[in-house]
Amino acid sequence: MKKTEKNREKEGEGPGGAGAGEKNAVRKAGAEMGCSVQSAGTYKHRRKLSGSWNLRCLLCLLPSLTGIIVFFLLPYVRVLYYSVISDQFRRKLVWFNNYKKLLSNEFFRLAMKNSLKLILVGVPLLILTALLLSILLAFALKRFPVLRDAFIFPMLVPTAAVVLVWQQFFSSVETALPIYLLFLWKNLGICLILITSALTTINREVYEAARMDGAKPFQQHFRLTVPMIAPSIFFTVLLAIMNSFKIFKESFLYYGSKYPPDHSYTLQFYMNNKFLKFDYQALAASSVLTSLLVLAIVGAGFYLQKRVEY
């Protein structure tokens with residue numbers, strides 16, 4: 001069938017077809033140019049909105065950043081300065097001599113050993129207890145929600161009242177056991193809350209599928225529960241390590257002295273005694289080493305978290 005003249009003109013054939021084709025090409029190019037201009041304008045608009053949003057976020061964070069700089073960063077720089085001078089009057093630079101004296105001090109080594117022992121023994125015991133209790137409350141004892149609230153009770157009781165009870169029960173104990181139990185008592189509640197909240201995010205269908213495959217309760221929790229809440233457990237471990245350096249108040253009230261027995265002499269006692277003696281150089285050097293220890297522990301924890309596949 002022959003093409004009509006009208007169709008030929010539309011397709012660029014016949015008389016006047018070339019002009020019509022050129023017009024169509026021009027229209028198409030104009031449309032593409034308009035789209036590109038519109039997309040460029042949209043990109044600029046989005047970029048402007050993103051910049052204004054970042055500026056607003058920065059302004060919202062400015063008060064907090066100011067507080068961190070004024071109350072944490074600048075004092076830490078001052079502590080670093082005090083740790084490398086001879087004293088606060090002459091202020092002669094001695095560089096690492098204060099650190100050498102500190103590491104050769106037997107009381108500092110004793111305090112460091114006891115603090116590390118509390119981390120290596122008390123923190124795993126705390127996390128394991130909190131994990132077992134959380135699993136029991138979430139699965140076996142979920143009909144008794146009152147028990148879950150009972151573990152928050154230690155966080156509400158004043159430390160002085162708890163210490164009085166501890167002194168009655170452990171007056172004849174000559175080890176660091178009372179301090180370890182005080183550490184568990186004060187921190188079990190918050191660890192329990194964190195782990196239990198993580199357990200509530202697990203889909204129960206996972207356990208139903210595991211039971212259909214023949215997995216027993218221990219295998220379900222060891223193979224499924226622990227890997228699925230591993231990030232929350234990691235955060236809880238870091239929090240427990242930080243709290244292990246805050247056991248000074250409980251220990252000081254329990255022994256009632258700034259010189260407790262050797263088995264309970266921690267870094268907080270050492271730094272407190274140096275402060276009372278106005279030995280700011282030893283205090284500053286011990287504070288810097290303690291902060292480096294905490295930083296190393298946290299860094300190792302993050303490194304292990306990245307290496308482990310959940």
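This text follows the structure it describes.
The structure contained in this document is the topic of the report that follows. (Residues numbered from 1 in each chain as written. Predicted model: local features only at pLDDT ≥ 70, side-chain atom pairs only at ≥ 80, totals over all residues. Heavy atoms only, no water.)

Attention now goes to the layout of surface pockets. Approximately 240 Å³ is the volume found for the second largest pocket. Lining the second largest pocket are Tyr76, Met242, Phe245, Gln268, Met271, Ser287, Thr290, Ser291 and Val294. Contributing elements (two or more residues each) for the lining of the second largest pocket: helix H13 (267–276) and helix H14 (280–307). Sort the elements by how many residues they give to the lining of the second largest pocket and H14 lands first, with 4 residues. Residues belonging to the lining of the second largest pocket are distributed by class as follows: 5 nonpolar, 4 polar and no charged. (1 Å grid on protein atoms, 1.4 Å probe; cavity = no way out; pocket = protein on both sides within 12 Å on 5 of 7 lines; lining within 4 Å. Points joined across faces, edges and corners; volume = space filled by probe spheres on them. Helix = DSSP H or I, 4+ residues; strand = E, 2+ residues; numbered from the N terminus. Nonpolar A, V, L, I, M, F, W, Y, C, P; charged D, E, K, R; others polar.)

To continue, consider the packing of H13 against H14. Two elements in contact, H13 and H14, have axes separated by 8 Å at closest approach and are oriented at 155°. The angle between H13 and H14 falls in the class roughly antiparallel. In this structure, the crossing between H13 and H14 has a hand that is left-handed. Of the residues in H14, those touching H13 at Leu267, Tyr270, Met271, Lys274 and Phe275 are Tyr280, Ala282, Leu283, Ser286, Ser287 and Thr290. Across the contact of H13 with H14, the residue classes tally to 7 nonpolar, 3 polar and 1 charged. (Axes fitted to C-alpha atoms, helices over the stretch in contact; angles between N-to-C directions. Parallel < 35°, antiparallel > 145°, perpendicular 65-115°, else oblique. Left-handed = near helix turned anticlockwise from the far one by under 90°. Contact = heavy atoms within 4.5 Å.)

Further remarks concern empty space enclosed by the protein. Tallying each qualifying case throughout the model produces 1 cavity of 30 Å³ or more. As a volume, the largest cavity reaches approximately 90 Å³. Considering the residues around the largest cavity, the lining is formed by Asn114, Lys117, Leu118, Ala176, Ile179, Tyr180, Ile247, Ser251, His263, Ser264, Thr266 and Phe269. Per-element accounting of the lining of the largest cavity gives the leading share, 3 residues, to helix H4 (residues 106–140). Split by residue class, the lining of the largest cavity holds 6 nonpolar, 5 polar and 1 charged.

All chains considered together, the criterion is met by 2 salt bridges. Here Arg90 ties to Asp87 by a salt bridge, and the two come within 3.0 Å at their closest N and O atoms. Here Asp87 falls in the buried class, since its relative accessible area comes to 15%. One salt bridge in this structure joins Lys274 and Asp279, with 3.8 Å as the shortest N-O distance. Judged by its relative accessible area of 28%, Asp279 falls in the partly exposed class. (Salt bridge = Lys/Arg side-chain N within 4 Å of Asp/Glu carboxyl O. Buried < 20%, exposed > 50% of the residue type's maximum accessible area, 1.4 Å probe, protein only.)

Across the interface, helix H10 (residues 217–228) lies against helix H11 (residues 230–244) with an axial gap of 5 Å and an inter-helix angle of 65°. Each of Val226, Pro227 and Met228 in H10 lies in contact with H11, whose residues at this interface are Ala230, Pro231 and Ile233.

We now examine the packing of aromatic side chains. Where two aromatic rings form a pair, the distance of their centres and the angle of their planes describe that pair. Scanning all chains against the criterion turns up 13 aromatic pairs. The structure contains a cluster of three or more aromatic residues connected by ring pairs, namely Phe248, Phe252, Tyr265 and Phe269. (Phe/Tyr/Trp six-rings, centres within 6.5 Å; stacked < 30°, edge-to-face > 60°.)

Next up on the list: the nonpolar core. One finds Val123, Leu126, Ile229, Phe245, Leu267 and Tyr270 to be the most contacted residues of the largest nonpolar core, which totals 56 residues. Sorting the residues of this core by element identifies helix H3 (97–103), H4, helix H7 (159–169), helix H8 (177–199), H11, H13 and H14 as the ones contributing at least two each. Looking at which element gives the most residues to this core, the answer is H4, with 13 residues. Every residue in contact with Ile229, bar those within four places of it in the chain, is listed here: Leu131, Ile195, Ala198, Leu199 and Ile202. (Core = buried A, V, L, I, M, F, W, Y, C linked by side-chain atoms within 4.5 Å.)

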